[in-house]
Every structure is written in C-alpha cells, then in structure tokens.
Amino acid sequence: MNFVDFLIFLFGCTGLTVNLVSSEILRPLREFVLSKSEKLGYLLSCPMCSGFWIGLVASSFFEINPVFGAAASSLSSWFVVSFIDAIYAVGVYYDVQLQDGELEDERDIK
C-alpha cells in the first residue's frame, strides 16, 4: 500500500462519513433511525463513531490494518466535520451581527 492509496482510502471514508452525518439529504434517515433506536441514532450523528465503522469496513477493500484504518478514518472524519461546523458557526455569527446592525457593512468584518 502506498501513500496515494492511503489518501484515497482516507478521503473516501471521510466523504462517506460527512455525507452520512451532516448532509440534508440523509437527515430523514438519521431521524428515522433515532426514533427507532437512540444508540444507533447517535452512531449516525457522531462523526467519530461513524468514521470508525466506515473505516473498519473499508479497510478490508484496501488491505489496510482494520484498527489503523478505522482510527485514521475516525480522526479525519471528526476533524473535517468539526472544521465545517466551525466555519458555519462563524458565518451565522456574522449574519446575526449584520442583521442586528452592529456591523455597518461587510467591510467592517475585516
């Protein structure tokens, strides 16, 4: 296994996890599962948990040590989802500031 194959594995697992945990299109699935089982619902809404299991399964296709693949996928999924949430929170903060009139215009954001 070379470095490029590992990056493909990591990006694929992270992408699947982000879509499963954060996408609007899969929100009904997450809500349905949550209504049936609180533990499985939590699993589908936690990037580290979902990333671990996705990495564990995907590692068998890439001939990666399952524990290493699951841990790497879990960590990268957590990082990407946290980064996306942080950027979104900053955007919401500035939208509220603009709506409340605390910022005169968008040039004050600098």
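The structure this text deals with has already been given above.
None of the values given here were measured: they were computed from a predicted structure.

Q: I tried to follow the overall build of the protein on my own but got confused; where do I start?
A: The helix and strand tally for the protein stands at 5 helices and 0 strands. Listing each helix as α and each strand as β along the protein from the N terminus yields α-α-α-α-α. Relative to the compact-globule value of 13 Å for 110 residues, the protein shows a C-alpha radius of gyration of 18 Å, a clear excess of over 25%. Counting only C-alpha atoms, the protein reaches 55 × 40 × 20 Å along its principal axes. When the 110 residues of the protein are sorted by exposure, 30% land in the buried category.

Q: Looking at this model, I keep getting lost on the side chain of Ser50. Mind explaining?
A: Looking at where Ser50 falls in the secondary structure, it is placed in helix H4 (residues 47-62). Using a relative accessible area of 4% as the deciding quantity, one classes Ser50 as buried. The contacts of Ser50, once residues within four sequence positions are left out, are Thr17, Leu20, Val21, Leu43 and Leu44.

Q: Please explain the nonpolar core as it appears in this structure.
A: Grouped burial of nonpolar side chains is what soluble globular proteins tend to show. Core analysis: the largest hydrophobic core is formed by 11 residues, namely Phe6, Phe9, Leu10, Cys13, Leu20, Val33, Leu44, Ile54, Ala58, Ile64 and Ala72. Put simply, the parts of the chain that give this core at least two residues each are helix H1 (3-22) and H4. At 5 residues, the largest contribution of residues to this core is made by H1.

Q: Would you explain a nonpolar patch on the surface in this entry?
A: Taken together, the side chains of Met48, Leu75, Trp78, Phe79, Phe83, Ile84 and Ile87 present a nonpolar region at the surface, about 730 Å² in accessible area. Ranked by residue count, the leading element in the nonpolar patch is helix H5 (residues 66-99), at 6 residues. Tracing the chain through its elements places Met48 in helix H4.

Q: How do you make sense of the pattern of salt bridges when you look at a structure like this?
A: It is possible for side chains bearing opposite charge to pair when their charged atoms get close. A full pass over the atoms with the stated rule returns 1 salt bridge. Between Arg27 and Glu24 there is a salt bridge, with its nearest N and O atoms 2.4 Å apart. Judged by its relative accessible area of 55%, Glu24 is exposed.

Q: Please clarify how the packing of helix H3 (residues 38-45) against H4 should be interpreted in this entry.
A: Axis angle and axis distance: for two packed helices, these are the angle between their axes and the distance between the axes, and together they describe the pair. Between H3 and H4, whose axes approach to 5 Å, the crossing angle comes to 85°. As judged from the angle between their axes, H3 and H4 are roughly perpendicular. Across the interface between the two elements, Tyr42, Leu43, Leu44 and Ser45 from H3 touch Pro47, Cys49, Ser50 and Trp53 from H4.

Procedures and definitions
Residues numbered from 1 in each chain as written. Predicted model: local features only at pLDDT ≥ 70, side-chain atom pairs only at ≥ 80, totals over all residues. Heavy atoms only, no water. Helix = DSSP H or I, 4+ residues; strand = E, 2+ residues; numbered from the N terminus. Rg over C-alpha atoms; globule rule 2.2 N^0.38 Å. Buried < 20%, exposed > 50% of the residue type's maximum accessible area, 1.4 Å probe, protein only. Contact = heavy atoms within 4.5 Å. Core = buried A, V, L, I, M, F, W, Y, C linked by side-chain atoms within 4.5 Å. Patch = residues over 30% accessible without salt bridge, like charges linked within 9 Å, V, L, I, M, F, W, Y side chains within 5 Å. Areas by Shrake-Rupley, 256 points an atom, 1.4 Å probe, with all protein chains shown as cover. Salt bridge = Lys/Arg side-chain N within 4 Å of Asp/Glu carboxyl O. Axes fitted to C-alpha atoms, helices over the stretch in contact; angles between N-to-C directions. Parallel < 35°, antiparallel > 145°, perpendicular 65-115°, else oblique.

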